[in-house]
Amino acid sequence: MTKPPAGHQVGTACPLDCPDSCSLSVSLAGGRVVALDGGHANPVTGGYICGKVRRFGERMYGSDRLLRPGFRIGPPGTGAFRWVSWEEALTRVADAMREARDRWGAESVLPYCYGGSNGLLTQDTTDARLFRRFGASRLARTLCASTTGAANQALYGKMPSVTYADYAHAKLVVIWGANPSASGIHLVPFVREAQRAGAALVVVDPRATPLARLADLHLALKPGTDVAVALALHRHLFENGLADEAFLEAHTTGAGALRARAREWTFEHAAEVAGIERADIARLAGMYAEASPAVIRCGWGLERNRNGGNAAAAILALPAVAGKFGVRGGGYTLSNSGSWSITKTWIGADEPPTRLVNMNHLGRMLTGSPDPPVKVLFVYNCNPLSTAPHQNLVRQGLERDDLTTIVFDQVISDTARYADIVLPAATFLEQYDLARAYGPISLQMVRPVVDAVGEARPNVDVFAELEQRLGLDRPGEPRDELEMMIRVIDGLPEGVGDAVRANAPAAPPFGTAPVQFVDVFPRTPDGRVHLFPEDLDREAPLGLYTYQPDPATDRYPLALISPSNEKAISSSLYELVRKPAALTIHPEDAHAREIGEGDTIRVFNDLGAVTCHAAVSPAVRPGTVALPKGLWSRHTLNGSTANALTPDTLTDIGAGACFNDARVQVERAAGGADRAPAATGAETRPAALQAAKRIH
Ligand code: SF4
């Protein structure tokens, strides 16, 4: 495990929060990364990668890179630091944690991490060991996938799902609440291959995504109404003798209860609720009942609302009711991260029964009166000021004088600007890791290809050192990334670790392209699909397979969605985007407000306001507006982003984020005749953005 010599191309893998986990070919010169492209070790990568990671070298060597530890000077938000040694920084971090524990109890320390890396080493190794032994508050990681994950667990026990290559075998592909052209791009060629072979494509999404424009049918429903459409499909199947009764009898429980809950959802009722044509729902119902193989790509866009869990459960139940399993290219795809049956035995410390904090409630926790109060916030792999809901409350919390905020990151993010202590983190090109895909089924070693820039250090090493300083280490335990890498590989299921060690393709016992109900089966205790799990029925406020009405009001009639795009992975890599953000608004909604293309506008509700430019386009349905997920403060004219408008309410199932339940009004800003710079000015930073930066 030595670093490769410079001056040529070397292979590694991408562990970022993306379903694909590409194999990478990295070009080096003079000890620096000069280019990144796709490799071939992971066949799904096929030699190409996304435009985001192609630019990763700019993150490593860019002006936003955090090069050494620092202590903030000046008020929170200025991002000005006095640079110090690691020794000084870690002494102060350990002192802050110790003091908080002695005065307020260990739960006054809140670790906060999510998705900055999906690697098996950079999260839930020495970090978990440290915080568990310390007795810190625990974090419920719910910004994404907790809702769909809860539904998938209850119905199928997270059965491995259809992998990308098998989409080429489908006769009908339904992309529901996902935009593979931006996230998980390697699915797209297989969808196109299926289309060339005669398959029909249906996209269910409020936006005209690139695949929606190529689809035979696009259902541009209102955000939060997916459950209504899915239940109308169930009703059609059950009431017209199209349900696969033999399959239901042999492999499921709860079909009767699902059928009863679906009964009220006629096509007319669903069409009225979802704001789409009855005929379009009827057409999808007919296509789905008829086609085989038929596959549904269930995305994460449909979960981010008050009905998200019910929507996910209803959609995931469709292939069971319609009898779409048992054939290659048929079934459903959600996350395949559970395919490996990995239990993180390497953490080496049991989870204590300490306070569990839902990460969507960061603002409340920092500004409310929890007992004990949060006195130390330790942020890593995460940029919550950009990504957590109720941004103004989060910001208010970060401004507290009596809070010690530590941010361990690769770049000076919006959150890092508020940190009392910053610690520079190594990137995945500077450290070891293990990349586990959750679209395709693959597991690859990530290798350091260059020395870390500045004084950046791997997560594993820093948390192990803190553990030592706090007297929580134990003899013989892994203390650095290499030792931990060996421990993690040893802890992988039988045969998998050997393959990873030998840099050979790793596969679970059922292979990397399982057919559902041939090679893999529900991992529920009785091996059946639970179509009506009682615990979900108890958890959902109105019960399972129910619909909570739209939260729009006369004052705030527009649904704001904040989807990911092809420029960044949530907030990661957004520092490289210089173009100001624009709110996409349908021409009808723009016309009603006398808003023109490029106008300066104000998007607002009772939680906050965003000042930005308008992009007038039919790419979103009327009544819905869109601002990208993960923007940084520099991308808008007032430093606020979509999360200044998102509520911190929770989904019906899985306690997830309700980003798409934001309801807003839009108006031309005072002096709103200002037009955005032309698209060609994308790489320039307008004066207004410089002004926005000064705010923070
Ligand atoms: S972000 Fe996704 S598509 Fe891009 S390189 Fe990483 S795994 Fe591949």
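Please refer to the structure placed before this passage.
Structural notes, computed from the coordinates. Bear in mind the structure is a predicted one, so any value in this text is a computation, not a measurement.

1. Remarks on the overall build of the chain
Of the regular secondary structure elements, the chain holds 22 helices and 26 strands. Taken over the C-alpha trace, the chain has a radius of gyration of 25 Å; the compact-globule value for 696 residues is 26 Å, and the two agree within 12%. Expressed as lengths along the three principal axes of its C-alpha atoms, the size of the chain is roughly 70 × 65 × 55 Å. For the chain, the proportion of its 696 residues judged to be buried stands at 64%. A separation threshold of at least 6 residues defines the contact pool for the chain, and within that pool the share at least 24 residues apart is 76%. Per element, the accessible surface of the chain, about 24300 Å² overall, is 50% carbon and sulfur.

2. Observations regarding the site of the ligand
Every residue near the ligand is listed here: C14, C18, D20, S21, C22, I49, C50, V53, H186 and I569. Taken together, the residues that form the shell around the ligand break down as seven nonpolar, two polar and one charged.

3. Comments concerning the sheet that holds strand β3 (residues 32–38)
Think of a sheet as strands paired side by side through backbone hydrogen bonds, with each pair either parallel or antiparallel. One open sheet holds the three strands; their spatial order is β1-β2-β3, and the pairing between them is antiparallel. Strands with a single pairing partner mark the edges of an open sheet, and in this sheet they are β1 (9–13) and β3. Between one strand axis and the next, the sheet turns through 35° on average, direction left out of account. In this structure, β1 lies alongside strand β2 (residues 23–29), joined through five bridges in antiparallel fashion. Directly across from Q9, in β2, lies its bridge partner S27.

4. A word on the packing of aromatic side chains
Within the structure shown, the criterion is met by 21 aromatic pairs. Seen from their ring centres, F131 and F378 are 5.6 Å apart, and the 75° between their planes marks the pair as edge-to-face. Highlighted residues: F131 in helix α4 (residues 126–134) and F378 in strand β15 (residues 376–380), separated in sequence by 247 residues. The buried category is assigned to F131, whose relative accessible area is 5%. Judged by relative accessible area, F378 falls into the buried class, the value being 0%. Centroid distance F517 to F521: 5.7 Å. Interplanar angle 80°. Geometry classified as edge-to-face.

5. Some points on the side chain of R133
Here R133 is to be found in helix α4. Its relative accessible area of 16% is what places R133 among the buried residues. Residues within four places of R133 in sequence aside, it is in contact with G348, A349, E467, L472, D473, R474 and E477.

6. Considerations on unusual backbone geometry
Cis geometry is found at the peptide bond from S292 to P293, where omega equals 0°. One can find P293 in the loop between α12 (278–290) and β12 (294–298). Following D371, the chain continues to P372 via a peptide bond in cis, the omega torsion being 0°. Positive phi, normally seen in glycine, also occurs at H390, with a value near 55°.

7. Concerning the packing of helix α11 (residues 267–274) against α12
The geometry of α11 relative to α12 is characterised by a closest axis approach of 8 Å and an angle of 120° between their N-to-C directions. The angle between the axes of α11 and α12 places the two elements in the oblique class. Read as a crossing pair, α11 and α12 show a hand that is right-handed. Along the contact surface, α11 presents F267, E268, A270 and A271, while α12 presents R278, I281, A282 and A285.

Reading the values: the criteria
Residues numbered from 1 in each chain as written. Predicted model: local features only at pLDDT ≥ 70, side-chain atom pairs only at ≥ 80, totals over all residues. Heavy atoms only, no water. Helix = DSSP H or I, 4+ residues; strand = E, 2+ residues; numbered from the N terminus. Rg over C-alpha atoms; globule rule 2.2 N^0.38 Å. Buried < 20%, exposed > 50% of the residue type's maximum accessible area, 1.4 Å probe, protein only. Contact = heavy atoms within 4.5 Å. Areas by Shrake-Rupley, 256 points an atom, 1.4 Å probe, with all protein chains shown as cover. Near = heavy atom within 4 Å. Nonpolar A, V, L, I, M, F, W, Y, C, P; charged D, E, K, R; others polar. Pairing = 2+ DSSP bridges. Axes fitted to C-alpha atoms, helices over the stretch in contact; angles between N-to-C directions. Phe/Tyr/Trp six-rings, centres within 6.5 Å; stacked < 30°, edge-to-face > 60°. Parallel < 35°, antiparallel > 145°, perpendicular 65-115°, else oblique. Left-handed = near helix turned anticlockwise from the far one by under 90°.

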